[in-house]
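A closer look at the structure
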Amino acid sequence: MAGVLDTVNQRTRLVGENRLEILLFRLAGQQLFALNVFKIREVMQMPRLTEMPQRHPHVVGVVHLRGQTIPVIDLSGAIGLRPQVATPQSTIIVTEYNRSVQAFLVGSVDRIMNLNWDAVQPPPRGAGRSHYLTAITRLEDQRLVEIIDVEKVLAEIVPFNTRVSEELLDEALLSQARGREVLLVDDSPTGINQLRDTLSQLNLKMHVETDGLRALKRLQAWADAGGKLSDRLLMVITDAEMPEMDGYRLTAEIRKDPRLADLFVVLHTSLSGNFNKAMVEKVGCDGFLSKFQPDQLVEVVRDRLARLEP
């Protein structure tokens, strides 16, 4: 299975085409779950596991892999299902989110699936595990696949800091930012809450959409109402992975519309690395920022405001 994850150059061709690849796997039962392949480093049998004292209840231990000490998280227990027992025969999925590496203990890995983002839908309201899902899709035989909100899982194990360093919040910045409007686009409630908590310290006015298609329609509606939209909107901050339309396609659509083309667009994503920066350049984003770095997010706002000075 690790071998099928080595086709990075081929997968970058999906960028801007509103397509994605997901790895299907099972946890404690027969239900199929998924993670975006972009975030997966490898799939492997459990290396030697070391238990740690005073660890989080959902962390089964750590493994040493290629010079790194990596926590192993019981994903089943973390999303409210029956906990899994780690054995030497267990399978782990090694992932990278927000510049950190962790492994998820899973039951079994199924296959990789290539699909359009418009085939991915938000989870139905009232679904039992909907608060741990960012989206759902279906196989050809209509079996349901649940795409897990890993950001929420990780935030519950290691809470993210959203406080901005006091030295960055100088009066000049606060005066410039106060009341300026930004559009936040993210399908993860955790991601939106992190953005709100950080940007509220600048007294920005925030609009929120949960997928790229909704965001594009809102921008088009604002443009239809008249006026230069870039004068009204300081920036668009968008996630990469979202149902209906991803952040790459959203950026590409913004650049194609003359009324929207000069908007300042920042990709704010748990994807990381030079590989993803190359993808950002391909679709024309103005900036790239790994998630949950409050000081760096504020610096992006500062730089944008500086560009607006006469």
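Residues numbered from 1 in each chain as written. Predicted model: local features only at pLDDT ≥ 70, side-chain atom pairs only at ≥ 80, totals over all residues. Heavy atoms only, no water.

**Details of unusual backbone geometry**
The phi torsion of most residues other than glycine is negative, and most of the peptide bonds are trans. With phi around 55°, Gln-54 is a residue other than glycine that occupies positive phi space. Mapped onto the fold, Gln-54 is located in the loop between β3 (40–45) and β4 (59–65). With phi around 75°, Gln-142 is a residue other than glycine that occupies positive phi space. Here Gln-142 shows up in the loop between β9 (133–138) and β10 (144–148). (Helix = DSSP H or I, 4+ residues; strand = E, 2+ residues; numbered from the N terminus.)

**With respect to the pattern of salt bridges**
Under the defined criterion, the tally for this structure stands at 22 salt bridges. We note a salt bridge from Lys-39 to Glu-241, for which the minimum N-O separation is 2.3 Å. Here Lys-39 is found in the loop between β2 (32–36) and β3, whereas its partner Glu-241 is found in the loop between β13 (233–238) and α8 (247–256), with 202 residues between them in sequence. The class for Glu-241 is buried, based on a relative accessible area of 14%. A salt bridge links Arg-259 to Asp-224; its shortest N-O distance comes to 2.4 Å. Of this pair, Arg-259 sits in the loop between α8 and β14 (265–269) while Asp-224 sits in helix α6 (residues 212–224), and the two are 35 residues apart along the sequence. One network of salt bridges, with partners in common, ties together Arg-26, Asp-110, Arg-111 and Glu-140. (Salt bridge = Lys/Arg side-chain N within 4 Å of Asp/Glu carboxyl O. Buried < 20%, exposed > 50% of the residue type's maximum accessible area, 1.4 Å probe, protein only.)

**Observations concerning the side chain of Asn-36**
Among the secondary structure elements, Asn-36 is positioned in strand β2. Judged by its relative accessible area of 5%, Asn-36 is buried. A distance of 2.5 Å separates polar atoms of two side chains, one belonging to Asn-36 and the other to Glu-241. Setting aside its immediate chain neighbours within four residues, Asn-36 contacts Leu-20, Glu-21, Ile-22, Trp-117 and Glu-241. (Polar contact = N/O pair within 3.5 Å; in protein donor to acceptor, adjacent residues only side chain to side chain. Contact = heavy atoms within 4.5 Å.)

**Side note on the packing of α6 against α8**
Where α6 meets α8, the axes come as close as 9 Å, and the angle between the chain directions of the two elements is 20°. Here α6 is positioned roughly parallel relative to α8, judged by the angle of their axes. As α6 runs across α8, the sense of the crossing is right-handed. Contact with α6, carried on its side by Gly-212, Ala-215, Leu-216 and Leu-219, involves Leu-250, Glu-253 and Ile-254 of α8 and no other residues of that element. Across the contact of α6 with α8, the residue classes break down as five nonpolar, one polar and one charged. (Axes fitted to C-alpha atoms, helices over the stretch in contact; angles between N-to-C directions. Parallel < 35°, antiparallel > 145°, perpendicular 65-115°, else oblique. Left-handed = near helix turned anticlockwise from the far one by under 90°. Nonpolar A, V, L, I, M, F, W, Y, C, P; charged D, E, K, R; others polar.)

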